[in-house]
Amino acid sequence: MTLGLRRHLRVFQIRLIEVFQFRLRSLMWLFVGGINTVILLLFWWATLSAGQPTNPALTIPAITTYYLLMTTLATTTICHIEEDIAYRDIYKGLIYGPLLRPYPYLLGKFQEEIVWRLLEGFWAIIILAFILLTGFQLQLTDSPTRWVLTIISALLGTLVSFFMKSILGLLAIWLTNLRGIMDLEEIFHIVFAGFVIPLQLLPAPWQTLAQFTPWAAPVYYPVMILTEPISTATIWLYFGCQLFWILTLGVLAQVTFRRGLRAYTGVSQ
Amino acid sequence: MKHFLQIIRQLMASYLEVALTYRLDFFQSIFASCLWSAFGFLSAYLVTSQTPSVLGLSRADMLLLTSTYGIIVGTHHWFCTRGFQGFWEIIHKGELEGFLLKPFDTITFLSLRNINWGNAVRAAGSVLTTIWVIQYYHFSVSWGSVLLFGLLSVPAFLTIYSLYTICVTFLIWYPYLSNALELVNSGVGTARYPIDITRYTPRFLSMWFLPFMVIVNIPTQALVHQLDWSTAAYFVLFSGGLWIFSRRFWLYGLRHYTGASS
């Protein structure tokens, strides 16, 4: 094993130890996200049981599969690094520590975030397995190729989310207080990732727009590949979008970080 | 009581001064709270775009629920939410002793420690939106029902307050679980959904949301003359019981507080 790879693995091991101290905290985050999904699920169950939806695609098994997968994947692929970068590292001035270490700052953050995602994903899969044990059947594709494509799409989606959230957090160097922007991003995330209703059910102009935003990339694309009978061309379009956002946001994150370092003055100056 | 009101007035004046000193933060806070209000209306619009009526409720009913949610929950966010959110750090750093020595009820003082004036705008905006929704959709509202809505908003506020108090008491034992407050926050966010959901969904799931849903649904039903007196009485009893329990639990939790040096 090369020295470089061994160094990365050692750092990753340290991240694992650090994050695993907060196992219950990660479970709590899963519940926080889960509450919003469960209430929407209950809302749709009740609405579909009591009335007639205008859209025939809205059925109880379909909507249940959709929301359960959205929650499971959201905990695994959507990064939450922005608050850490903005408040802990920049606002409180703790960024000096990581900057003085001979290890790239953003790569270190990525490793830390990956451990959090794996831990929360682990909890989510346990809860999903428990739901399946109660006898509920998820409406999933039986094609192994689609499963592989879903995993690849989820991995690419994680990168999109990481770069987007890193840029957001780094903006604190110039703006200091990001509360308003973070709330705005959170609302876009909830609507354009398809958490309120599936994106294909949004009103016409918003439907197309939402599907090409970076918020759809981490969760909506993998869920669609796994559950909907979409064409191969659409799947390639999703991959194309994800690669476009990775390249664009990845370059932008690097540029923001380099410029930000020059502009950063620290808390005491 | 006079002493209590004097202190609250003083705290409100002090935090208004803070808000006007850090103006950008204040405007961001107004911006953020307006965004969340707008999101509530957007959600109501989106979910009603797929079905003509939701559990017998029209889009107008959903919008009314969203706007009254802004009044009740917005008022709590205005006075208390930020104060509760800073609580874990006080416990973690062992600073609670300083607050315990003050000649004022500790949990009340801690909850009012960071009044968020940005949310005052949200609460006021929600009052105006509610008036607009009532007039535009021709809801039948009388002065009596408005008064009843105001009266029932007090136990609704107390219910939210009690849920936060119970949560911060747990932080005495587990200060690192500060995100438990986000859990309560998300729970309170479910109050904007119609309570009739619980009639059509599995009880083992929906019962967890019932304490949150009553917060906004019961006062709103009173506003549009759809509330019977027995439900109102149960709601007041539930709220009062929860408040007494939260106070006792807080005092019990204090006995287990060890401070930073122990």
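Residues numbered from 1 in each chain as written. Chains lettered and ligands numbered in written order. Predicted model: local features only at pLDDT ≥ 70, side-chain atom pairs only at ≥ 80, totals over all residues. Heavy atoms only, no water.

A look at the side chain of Glu185 of chain A
All names here are of chain A.
Move 1: Within the secondary structure, Glu185 is located in helix α9 (residues 179-192).
Move 2: Buried charge without a partner: Glu185 forms no salt bridge, and the closest opposite charge is Lys165, 4.2 Å away.
Move 3: Engagement of the side chain of Glu185 in a polar contact is seen with the side chain of Trp215, the distance being 2.9 Å. (Helix = DSSP H or I, 4+ residues; strand = E, 2+ residues; numbered from the N terminus. Buried < 20%, exposed > 50% of the residue type's maximum accessible area, 1.4 Å probe, protein only. Lys, Arg positive; Asp, Glu negative; His and termini not counted. Salt bridge = Lys/Arg side-chain N within 4 Å of Asp/Glu carboxyl O. Polar contact = N/O pair within 3.5 Å; in protein donor to acceptor, adjacent residues only side chain to side chain.)

Structural notes on the pattern of salt bridges
Move 1: Under the criterion given, the structure shown has 14 salt bridges over all chains.
Move 2: Among the salt bridges present, the one from Asp84 of chain A reaches Lys109 of chain A, with a minimum N-O distance of 3.1 Å. A residue pair is termed long-range when its members are at least 10 positions apart, and Asp84 of chain A in helix α4 (residues 82-91) and Lys109 of chain A in helix α6 (residues 105-133) qualify at 25 residues.
Move 3: Overall, Asp84 of chain A belongs to the buried group, its relative accessible area being 17%.
Move 4: Glu89 of chain B is the partner of Lys93 of chain B in a salt bridge, and the nearest nitrogen-oxygen pair spans 3.5 Å.
Move 5: Residues joined by salt bridges that share partners form a network here, namely Asp84, Arg88, Asp89, Lys109 and Glu112 of chain A.

As for the packing of helix α1 (residues 3-19) of chain A against α6 of chain A
For any two helices packed against each other, one specifies the crossing angle of their axes together with the interaxial distance.
Residues and elements named next belong to chain A.
Move 1: One way to put it is that α1 packs onto α6 with a least axis distance of 9 Å and a crossing angle of 50°. Regarding the angle of α1 to α6, the classification is oblique. Considering the relative orientation of α1 and α6, their crossing is right-handed. From α1, His8, Val11, Phe12, Arg15, Leu16 and Val19 reach across to α6, where they touch Leu107, Gly108, Gln111, Glu112, Ile114, Val115, Trp116, Leu118 and Leu119.
Move 2: Here the residues of the contact of α1 with α6 sort into 10 nonpolar, 3 polar and 2 charged. (Axes fitted to C-alpha atoms, helices over the stretch in contact; angles between N-to-C directions. Parallel < 35°, antiparallel > 145°, perpendicular 65-115°, else oblique. Left-handed = near helix turned anticlockwise from the far one by under 90°. Contact = heavy atoms within 4.5 Å. Nonpolar A, V, L, I, M, F, W, Y, C, P; charged D, E, K, R; others polar.)

A closer look at the nonpolar core
When a protein is soluble and globular, its nonpolar side chains tend to lie buried together.
Residues and elements named next belong to chain B.
Move 1: One finds Leu96 and Trp117 to be the most contacted residues of the largest nonpolar core, which totals 158 residues.
Move 2: Among the elements that line this core, the one with the most residues is helix α3 (residues 59-85), at 13 residues.
Move 3: Contact partners of Leu96, with chain neighbours within four places excluded, come to Phe87, Ile90, Ile91, Thr106, Leu110, Trp250, Leu254 and Tyr257. (Core = buried A, V, L, I, M, F, W, Y, C linked by side-chain atoms within 4.5 Å.)

What to know about the interface of chain B and chain A
Move 1: Contacts between chain B and chain A engage 43 residues on the former and 42 residues on the latter.
Move 2: Interface of chain B and chain A: buried area, both sides summed, is about 3,700 Å²; carbon and sulfur atoms make up 75% of it.
Move 3: Applying the counting rule to chain B against chain A returns 1 salt bridge.
Move 4: A salt bridge links Lys92 of chain A to Glu89 of chain B; its shortest N-O distance comes to 3.8 Å.
Move 5: Summed over the shared surface of chain B and chain A, the result is 4 residue pairs in polar contact (both at pLDDT 80 or more).
Move 6: Going through the elements one at a time, α2 (23-48), α3, α9 (180-189), α10 (197-200) and α11 (203-206) of chain B are the ones with two or more residues in the side of chain B that touches chain A.
Move 7: At 13 residues, the largest contribution of residues to the side of chain B that touches chain A is made by α2 of chain B.
Move 8: A class-by-class count of the residues in the side of chain B that touches chain A yields 25 nonpolar, 14 polar and 4 charged. (Buried area = accessible area lost by both parts, 1.4 Å probe.)

Observations concerning the environment of Met224 of chain A
Residues and elements named next belong to chain A.
Move 1: Looking at the secondary structure, you find Met224 in helix α11 (residues 220-227).
Move 2: Taking relative accessible area as the criterion, Met224 reaches 3% and is therefore assigned buried.
Move 3: Along the primary structure Met224 and Leu69 are separated by 155 residues, whereas in three dimensions their C-alpha atoms are 9.9 Å apart.

So, the environment of Arg25 of chain A
Move 1: Within the secondary structure layout, Arg25 of chain A lies in helix α2 (residues 23-50).
Move 2: On a C-alpha basis, the gap between Arg25 of chain A and Glu120 of chain A in space is 9.5 Å, while along the polypeptide they are 95 residues apart.
Move 3: Every residue in contact with Arg25 of chain A, bar those within four places of it in the chain, is listed here: Tyr176, Leu177, Ser178 and Asn179 of chain B.

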